[in-house]
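Listed below are the residues making up each chain.
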Number of protein chains: 2
Amino acid sequence: MAAPERFAELARQFSAFGAVRRDLSRALPYDCPPGSTAVLTLLGRDGEMRMSRLAELLAVDLSVTSRQVAHLAERGWIDRSPDPADKRSRILHLTPAGEAKLQEIFLNTTRLFSDRLGDWSEHDIDELIRLLTRLRAGFGDCRSPRPPYASDPIPVHPHK
Amino acid sequence: MAAPERFAELARQFSAFGAVRRDLSRALPYDCPPGSTAVLTLLGRDGEMRMSRLAELLAVDLSVTSRQVAHLAERGWIDRSPDPADKRSRILHLTPAGEAKLQEIFLNTTRLFSDRLGDWSEHDIDELIRLLTRLRAGFGDCRSPRPPYASDPIPVHPHK
DNA sequence: TATTGTTATACTCTATAACTATA
DNA sequence: TATAGTTATAGAGTATAACAATA
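For the structure given in this document, a descriptive report is provided here. Numbers given for residues are sequential positions, taken from 1 along each chain in its written order. Whichever chain is written first becomes A and whichever ligand is written first becomes 1, with later ones labelled in order. This being a predicted model, a pLDDT of at least 70 is required before a residue's local features are given, and a value of 80 or more before pairs of side-chain atoms are given or counted; all residues contribute to the totals for chains, interfaces and linings. Side-chain calculation: all heavy atoms of the structure are included, whereas hydrogens and water are not.

A few words on the environment of Arg130(B). Residues and elements named next belong to chain B. Runs of E in the DSSP output that reach at least two residues are strands. Runs of H or I that reach at least four are helices, and both are numbered from the N terminus. Assignment of secondary structure puts Arg 130 in helix H6 (residues 122-138). C-alpha separation for the pair Arg 130 and Ala 11, spaced 119 residues apart in sequence, amounts to 19 Å. At 2.9 Å, the side chain of Arg 130 forms a polar contact with the side chain of Glu 127. In protein, a polar contact means a hydrogen-donor-capable atom and an acceptor-capable atom, both N or O and within 3.5 Å, with residues adjacent in sequence counting only if both atoms are side-chain atoms; elsewhere, any N or O pair within 3.5 Å suffices.

Each aromatic ring pair is characterised by the separation of its centres together with the angle its planes make. Stacked, edge-to-face and tilted are the three classes for Phe, Tyr and Trp ring pairs, Trp counted by its six-membered ring, which pair at centre distances within 6.5 Å; planes under 30 degrees apart are stacked, over 60 edge-to-face, the rest tilted. Per the stated rule, a full pass over the model turns up 11 aromatic pairs over all chains. Ring geometry for Phe113(A) against Phe7(B): centres 5.5 Å apart, planes inclined by 15°, an arrangement best described as stacked. Of the two residues, Phe113(A) is situated in helix H5 (residues 96-116) and Phe7(B) in helix H1 (residues 4-25); the pairing between them involves two chains. The burial state of Phe113(A) is the same as that of Phe7(B); both residues are buried. Aromatic pair Phe113(A) and Phe14(B): ring centres 5.7 Å apart, planes at 50°, arrangement tilted. Taken as a pair, Phe113(A) in helix H5 and Phe14(B) in helix H1 lie in two separate chains rather than in one. Residue burial is assigned from relative accessible area. The probe radius is 1.4 Å, only protein chains are included, and a residue is buried under 20% of its type maximum, exposed over 50%, and partly exposed in between.

Here we come to the relation of the copies chain A and chain B. What sets the superposition is a least-squares fit of C-alpha atoms, and only residues with pLDDT of at least 70 in both copies go into it. When chain A is fitted to chain B, the residual RMSD is 0.0 Å, and the transformation amounts to a turn of 180° plus an axial shift of 0.0 Å. Both copies of the chain, as the preceding transformation shows, are related through a two-fold rotation axis. For chain A, the minimum C-alpha distance to the rotation axis belongs to Leu128(A) and amounts to 3.5 Å. Here, two residues are considered to be in contact whenever any of their heavy atoms come within 4.5 Å of each other. With an isologous cut-off of 70% or more, the 100% of interface residues of chain A that recur at the interface of chain B puts this contact in the isologous class.

All names here are of chain A. Any two strands with at least two DSSP bridges between them are considered paired. Reading across from one edge, E1-E3-E2 is the order of the three strands in this open sheet, with antiparallel pairing throughout. In this open sheet, the two edge strands, each paired with only one partner strand, are strand E1 (49-50) and strand E2 (78-82). The pairing of E2 with strand E3 (residues 90-94) spans five bridges and is classified as antiparallel. Across the sheet, Pro 82 pairs through a bridge with Arg 90, a residue of E3.

Structure, rendered in C-alpha cells:
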C-alpha cells in the first residue's frame, strides 16, 4: 500500500489530465463532441447493442446515453431499431455514414497522437494502456453505488 | 513510434478515464467541486500566486479561473489581495479556513484511493504518476495554440 | 411491480467575446 | 497599445426525478 502522499500526487495528475482531454477534444470534428465520439467508438468496436448496455460500458447514467444517442441519430450516424424480443428496448448500430465519421475521427486522433507522443517508446505506451485499464476496472461506476467516502454523512454532489 | 491501433486503444482508455474522474468527484465535499479543489490544491502546494499563473498551471482560460476563484473567495477559503507591484493584478493565497478545507479533502481522497488502489504495488502507482506527468507535458494547453489536427479547415469546436 | 428508455431540470466545466482598469 | 482580470453568454457533460410504455 502506497503512502498518502503518493495518492495525493496521483490525484493531482488526475486533475491535470483535464488538459489532455481538452487538447484531444479540439481534434474532433465540430459536429461530434467527445461524448458522441465515445458512443461511436464503442459501437464500432463492439457492434450493435442496447441503450442500457451502452450506458454500462460508458459508466454513465442511461439518461446521458439517451441524449447522446439522440444527437447521433439526428445526424444519421446510428440507427435505433426496435428490439423484437423486448418492445421497450432499442438496438443501436452504426450506419455507413456513422462508420465514415468514425474513420474520420480515427485519422484525426491518430495524427494528433503521432505528434504528441511521437517520441514515446512502445513500452511506455503499452504501460500507460495497461495501467489506465486497471485503473478503470478498480474505480467506480455511478450505476453500481458503493459506500460513500466523503466525510459528509450523505451524498456529496447533489446532482451526482 | 507506435502503431495507429495502439493510439486508438489509448484514446479509448482516455475516454474511459471519465468514470474515474466522476468516482473521485463523488468523494469531494458538496460545496467544493473538482475545479475548486484543483485551485485549492495548487495554492496549497505552490503557495501564493497571481490569477494568470494559476490559469497557466491549470491549463485553462483565465476566465475559468476567475470564476472558480470567486467561488472560493465567497466561501472564505482564499484571499485576493492587491499586488502592490501591479495594480491590475491580485495575489491569491489560502486562508486558514481554506487550509482546513484542503485537509478535509485530502483525507477524503486518501480514503477513496486506499479502497480503490489498495492492491496496487508501489511500483505501479509510481509508474502511473510518471506516465501521466509525461503525458501532461506533451499534450496541449489552450493558452498556447498549436496548429489544429482536425480535417476541418477551421477550428473545430466553436467554443474552444 | 419492475425495467427500458425519454424528457425536464439543474449544476459544473469550459471557451469566446466584450468590457474595465492599469501598464 | 497591450495586459490582468471580470462578467455575460453559450455549449457540452453529468445526475436526479418524473414519466410512459412494456415486461
